[in-house]
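Results of the structural survey
Chain by chain, the residues run as shown.
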Amino acid sequence: MNDMSPSPIRKIIHVDMDAFYASVEQRDNPELRGKPLAVGGSAARGVVAAASYEARAFGVHSAMPSVTAKRKCPDLIFVPPRFDVYRAVSQQIREIFAEYTSMIEPLSLDEAYLDVTQNLKGMEIATEIALEIRTKIRQVTGLNASAGISYNKFLAKMASDLNKPNGQAVITPKNGPAFVETLPVKKFHGVGPATAERMHKYGIETGLDLKSKSLAFLQEHFGKAGPYFYGIARGIDERQVKPDRVRKSIGAEDTFTQDIDDLELATAELRPLAQKVWRYCETGGISAKTVTVKIKYSDFTQATRSRTSAHPVADASDVLAIASALLATVHPFVRPIRLLGITLSSLTNEDADNGQPQSQLDLGI
Ligand SMILES: [Mg+2]
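Quick summary incoming for the structure in this document. Since the model is a prediction, treat every value here as computed from it, not as a measurement.

Moving on: the sheet that holds strand β3 (residues 48-51). A sheet is described by the order of its strands in space; here 3 strands give the open sequence β3-β2-β4, paired in mixed fashion. Two strands bound the open sheet, and with one partner strand each, they are β3 and β4 (77-79). Between one strand axis and the next, the sheet turns by 30° as a mean value, whatever way the strands run. Two elements, strand β2 (residues 37-40) and β4, share 3 bridges in a ladder whose sense is parallel. Directly across from Leu-37, in β4, lies its bridge partner Ile-77.

Bound to the magnesium ion are the protein donor atoms Asp-16 (OD), Met-17 (O) and Asp-110 (OD), situated 2.2 to 2.4 Å from the metal. Look at where the donors of the magnesium ion fall in the sequence and you get D-M-x92-D. Residue Met-17 is found in strand β1 (residues 12-17), and its partner Asp-110 is found in the loop between β5 (104-108) and β6 (111-115); the two are separated by 93 residues along the sequence. Like Met-17, the residue Asp-110 is buried in the burial classification.

With that settled, consider unusual backbone geometry. That bond from Lys-164 to Pro-165 is cis: its omega, -5°, falls within 30 degrees of zero. Inspection of the secondary structure puts Pro-165 in the loop between α6 (153-159) and β8 (168-170). With an omega of 0°, the peptide bond between His-331 and Pro-332 qualifies as cis. Structurally, Pro-332 can be placed in the loop between α13 (316-328) and β12 (337-349). For Ala-19, which is not glycine, the phi dihedral falls at a positive 40°. Locating Ala-19 in the fold gives a position in the loop between β1 and α1 (20-28). Given the relative accessible area of 6%, Ala-19 is considered buried.

Before going further, it helps to spend a moment on the pattern of salt bridges. Under the defined criterion, the tally for this structure stands at 13 salt bridges. Notably, a salt bridge pairs Arg-82 with Glu-25, separated by 3.1 Å at the nearest N-O pair. Of this pair, Arg-82 sits in the loop between β4 and α4 (83-98) while Glu-25 sits in helix α1, and the two are 57 residues apart along the sequence. Exposure remark for Arg-82: the relative accessible area of 29% places this residue in the partly exposed category. Between Asp-28 and Arg-27 there is a salt bridge, with its nearest N and O atoms 2.7 Å apart.

Taken as a whole and judged by the stated rule, the model has 11 aromatic pairs. Judged by centre distance (5.4 Å) and plane angle (85°), the ring pair of Tyr-21 and Phe-83 falls under edge-to-face. Of this pair, Tyr-21 sits in helix α1 while Phe-83 is found in helix α4, placing the two residues 62 residues apart along the sequence. Exposure remark for Phe-83: the relative accessible area of 34% places this residue in the partly exposed category. With 6.4 Å between their ring centres and 90° between their planes, Phe-154 and Tyr-228 make a pair best called edge-to-face. You can see Phe-154 sitting in helix α6 and its partner Tyr-228 sitting in helix α11 (residues 226-232), a full 74 residues away along the chain. Phe-154 gets classed as buried once you look at its relative accessible area, which sits at 0%. Taken together through their ring pairs, the aromatic side chains of Phe-154, Phe-188, Tyr-202, Phe-217, Phe-222, Tyr-228 and Phe-229 make up a single cluster. Above the plane of the ring of Tyr-53 lies Arg-56, whose end atom (NZ or CZ) is 4.6 Å from the centre. Stacked on the ring of Tyr-100, the Lys or Arg Lys-121 has its end atom at 5.0 Å from the ring centre.

Conventions adopted
Residues numbered from 1 in each chain as written. Predicted model: local features only at pLDDT ≥ 70, side-chain atom pairs only at ≥ 80, totals over all residues. Heavy atoms only, no water. Pairing = 2+ DSSP bridges. Helix = DSSP H or I, 4+ residues; strand = E, 2+ residues; numbered from the N terminus. Axes fitted to C-alpha atoms, helices over the stretch in contact; angles between N-to-C directions. Donors = N, O, S within 2.8 Å, 3.2 Å for Na, K, Ca; no water. Buried < 20%, exposed > 50% of the residue type's maximum accessible area, 1.4 Å probe, protein only. Salt bridge = Lys/Arg side-chain N within 4 Å of Asp/Glu carboxyl O. Phe/Tyr/Trp six-rings, centres within 6.5 Å; stacked < 30°, edge-to-face > 60°. Lys NZ or Arg CZ within 6 Å of the ring centre and 35° of its normal.

Dropping the structure here:
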């Protein structure tokens, strides 16, 4: 240990929606609530994509052949997936994450790592952030999420399972190593069934067994994953939360409780959208040159209007001004508006810019 340069302890949250696809279906169809439900095809070769908790009680789980699932649970209800709806919910939860940090690494539609060491709310306690995020997810989507809070990705991911569903757990630097020791390796994130099988051959059943193996041994038998296994056996995982930098656009939209016919009212609805997309740019160090407004009418037809400027948009009021001008071009509206959206595109990340970074210019280097 070098106490000259102590590395700050990171605060990582892993957020994971509970039985995501199945919960969305139960949310949208009250008749499915409280019932064993599988999202997926019931046909001979179908596979369960997600199972409700009621179905899990019968031993049904995702990736299980539908035939097997039906045998385990004869009353199982199959529902076809609606990925457009899952994607829309996923977008809603990412917007909630973005209120706290731009360091968001999605793993799938329903899971993400957040690094909240530095966060936009200036909150000290990561467990409080996790609780707020879960509460907001519940308010906005009507769905439950669980969370794990820890000082690295591996432990945050393991922690989010501890109090599932609708719960959260924290693993501190003090109890991380002991937590890992007792854990069966087959439950480790990053250890698939085939790897677990090989570990068992070498007598590695638990984290403690894994810890007893040398780095050289693990590298010899597990190749590039060796150093990762060596670290996690000690509760160490240096992997950074990698924000989704390859994204091509940033969007926000809102469906109104009552359709809007009036230009002034519609323009007012653009303001929170402009603020939301701009905040994401700001926190992520992203600049955007194209503003697009999406207008969905009461009959579900839609129109989009875009403008690309020579220079990146400057701030939220700039976004709002452009979006308002674009909206005005479709007024008078052919029909009342049920949804408005703003998307920013032609994105560049400051880090990747070719120009001199501002800080270097300031220093006169
Ligand atoms: Mg999940």
